[in-house]
Amino acid sequence: MCGLLAAASALAAAELVAALTNPAAAPLIAVGGAVVDLAPPWLKDFAVEAFGTADKPVLLGGMAVVLALFAALAGVLGRTAPRAGTAGVVLFAAIGVAAALSRPGSGPADALPATLGGLVAAGVLRLLLRASAPAVPGAAPDEGEGSGEEAAGDGPGFDRRRFVMVAGAAAGLSAGAGAVGRLLAVERVDVEAVRRAVRLPAPASPAPPLADGVDLEIGGLAAFFTPTADFYRIDTALSVPRVDASTWRLRLHGKGIAEREYAYADLLGRADLVERDITLACVSNPVGGEYVGNARWIGVPLAPLLREAGVRPPGEGGPADQIVSRSVDGMTIGTPLEDVLDGRDAMLALGMNGVPLPLRHGFPVRMVVPGLYGYVSACKWLAELELTTFDAFDAYWVPRGWSALGPIKTQSRIDRPRSFDEVPAGDLTVAGVAWAQHTGIDRVEVRVDGGPWQEAGLAAEDTADTWRQRALTVRLEPGDHRFEARATDRSGRTQTGARAPVAPDGATGWHSVSVTAA
Ligand SMILES: Nc1nc2c(c(=O)[nH]1)N[C@H]1C(S)=C(S)[C@@H](COP(=O)(O)O)O[C@H]1N2
Ligand SMILES: [Mo]
């Protein structure tokens with residue numbers, strides 16, 4: 001209990017200091033971030049597979065459990081060997097300091113929260129251990145507990161009242177410090193208020209009118225536009241970066257160009273804003289998975305902005321073949337410059353589904369490039385664009401076992417029925433979505449129980465950059481049945497049935513769903 005209270009006081013003190021200096025330097029966030037970056041690929045794959053997008057709360061919860069166990073241990077050790085208790089505190093503070101200093105963009109001041117937390121922990125631990133020690137001079141600490149209940153009350157053993165008072169004070173003060181820290185962190189810049197005040201201008205080039213029938217509106221089938229609240233979120237950020245758009249700057253620099261800077265207002269005020277429907281997909285999306293979504297984006301077309309700055313693709317003799325986007329939280333994402341400049345609607349997105357980007361999707365500015373997986377194109381909380389080469393620089397995921405190039409693989413998914421559904425025998429509508437961004441979907445076929453492939457009815461196409469719904473009604477006899485779907489894109493390629501895992505460059509295989517008809 002002494003150990004736990006000492007740890008809680010330490011965290012609270014550190015939180016308060018971090019709120020006043022740099023919220024990203026708070027020990028749990030800093031250590032968690034370091035764990036994410038240092039985790040070997042197999043561990044990360046396991047975490048994503050086992051916990052999906054809940055991997056972050058699981059990580060933070062796991063860290064809290066580990067910390068609590070060690071804190072309790074430090075408390076127990078500290079009763080007989082105060083030095084061991086202190087050593088435990090020093091070890092944990094050192095881990096906190098090292099993590100904070102290793103975070104992208106950190107400075108020496110980021111050592112403060114964990115250092116102060118360590119001092120508080122050492123102090124509180126000593127006070128509590130002293131208060132819980134036997135009141136009788138010379139009595140060994142163990143006897144205090146050994147004599148148990150009788151000694152606890154009025155006997156000469158452990159002075160419960162004194163302990164409760166000291167412990168209560170420690171708990172109260174840490175709760176207070178933690179709360180004040182939270183308040184300060186929230187109040188310093190109300191990023192959400194800055195965001196709400198943003199008015200997105202009407203785009204010079206609106207999205208082409210939606211064809212009738214892009215959405216088949218079948219129950220259980222993913223809507224053509226993914227509601228923002230349901231849009232998948234994938235990133236390494238343990239706490240969503242809060243970027244103040246009013247002071248934010250985008251730095252553009254690197255091989256072959258003079259450095260430039262853009263303020264948020266510079267981008268918002270550009271005369272060439274575009275609005276486009278683009279389906280984003282994650283390379284970690286397993287066959288049939290949920291890490292794909294379609295949205296209407298508003299932003300600055302990236303190619304003209306780069307051309308103005310003097311950027312030329314390698315095909316025109318430019319010295320760079322990779323554009324590296326760097327986020328405020330240190331993520332690096334490498335995109336082939338040739339793709340960005342080949343006429344596709346690559347953009348610096350400012351808006352998503354009619355409103356400024358939500359914080360979790362990259363406010364104030366993110367990249368979106370049709371046809372490329374998010375990890376090689378869709379940097380959120382953008383801070384910097386650097387022109388370089390693939391030879392000279394590996395972006396974040398490359399040394400972690402992922403391919404430097406990540407064009408999206410043609411995929412199809414069955415949304416309804418769901419696996420293990422029990423359905424009535426007779427007619428059943430099998431529906432889903434298919435995507436081949438920047439190429440377009442030409443045909444989707446479905447087969448039942450390994451039988452002949454049957455062509456499904458396709459919804460109208462919005463653009464080649466968006467997914468496409470389809471449905472096929474089949475007649476089922478009572479019994480177990482299995483559906484599979486495969487898409488053919490407009491380049492004539494039909495999805496392979498060969499299963500490949502998500503690493504290193506995206507899963508392949510046919511999505512299959514099994515149901516029982518009765
Ligand atoms: N700063 C930052 N940007 C990032 C990432 C990240 O971890 N950090 N993840 C990328 C990946 S892997 C994907 S799939 C997309 C997901 O975007 P979303 O969360 O808005 O759906 O963001 C990309 N941009
Ligand atoms: Mo991703």
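None of the values given here were measured: they were computed from a predicted structure.

**Examining the overall build of the chain**
Right, on to step 1. Broken down by element type, the chain carries 13 helices and 19 strands.
Right, on to step 2. If one aligns the C-alpha atoms of the chain with their principal axes, the spans along those axes are about 85 × 70 × 40 Å.
Right, on to step 3. For the chain, with 518 residues in total, the buried portion stands at 49%.
Right, on to step 4. In the form shown here, the chain has an accessible surface area of approximately 23,100 Å², with 60% of it arising from carbon and sulfur atoms.
Right, on to step 5. Here the chain carries 46 positive and 57 negative side-chain charges, and the mean point of each set is 3 Å from the other.

**Details of the side chain of asparagine 294**
Right, on to step 1. Turning to its location among the elements, asparagine 294 is positioned in strand β4 (residues 292-301).
Right, on to step 2. Within polar-contact distance, the side chain of asparagine 294 engages the side chain of threonine 279 at 2.9 Å.
Right, on to step 3. Excluding anything up to four places from it in sequence, asparagine 294 contacts Phe224, Phe225, Thr226, Phe231, Asp277, Ile278, Thr279, Thr466 and Trp467.

**So, the packing of helix α4 (residues 55-80) against helix α5 (residues 82-102)**
Right, on to step 1. Direction vectors running N to C along α4 and α5 enclose 155°, while the axes themselves pass 5 Å from each other. With respect to their mutual orientation, α4 and α5 come out roughly antiparallel. For the pair formed by α4 and α5, the contact residues are Leu67, Phe70, Ala74, Leu77, Gly78 and Thr80 on the first element and Pro82, Ala84, Gly85 and Phe92 on the second.

**Remarks on the UniProt feature "domain: Oxidoreductase molybdopterin-binding" (unreviewed entry) in the chain**
Right, on to step 1. Those residues carrying the UniProt feature "domain: Oxidoreductase molybdopterin-binding" (unreviewed entry) are residues 238-397 in this numbering.
Right, on to step 2. Taken end to end, residues 238-397 has its terminal C-alpha atoms 17 Å apart, with 10% of it in helix and 36% in strand.

**A look at the site of ligand 1**
Right, on to step 1. Taken together, the neighbourhood of ligand 1 is formed by 20 residues, with Tyr232, Thr236, His361, Arg366 and Lys380 sitting nearest.
Right, on to step 2. Tyrosine 232 places a main-chain nitrogen or oxygen 2.7 Å from an oxygen atom of ligand 1.
Right, on to step 3. For ligand 1, the accessible surface in isolation is 530 Å², of which the surrounding protein chains cover 98%.
Right, on to step 4. Looking at the shell around ligand 1 residue by residue, the class counts come to eleven nonpolar, four polar and five charged.

Calculation rules
- Residues numbered from 1 in each chain as written.
- Chains lettered and ligands numbered in written order.
- Predicted model: local features only at pLDDT ≥ 70, side-chain atom pairs only at ≥ 80, totals over all residues.
- Heavy atoms only, no water.
- Helix = DSSP H or I, 4+ residues; strand = E, 2+ residues; numbered from the N terminus.
- Buried < 20%, exposed > 50% of the residue type's maximum accessible area, 1.4 Å probe, protein only.
- Areas by Shrake-Rupley, 256 points an atom, 1.4 Å probe, with all protein chains shown as cover.
- Lys, Arg positive; Asp, Glu negative; His and termini not counted.
- Charge placed at Lys NZ, Arg CZ, Asp CG, Glu CD.
- Polar contact = N/O pair within 3.5 Å; in protein donor to acceptor, adjacent residues only side chain to side chain.
- Contact = heavy atoms within 4.5 Å.
- Axes fitted to C-alpha atoms, helices over the stretch in contact; angles between N-to-C directions.
- Parallel < 35°, antiparallel > 145°, perpendicular 65-115°, else oblique.
- UniProt positions renumbered as here; feature names shortened; annotations may be inferred.
- Near = heavy atom within 4 Å.
- Nonpolar A, V, L, I, M, F, W, Y, C, P; charged D, E, K, R; others polar.

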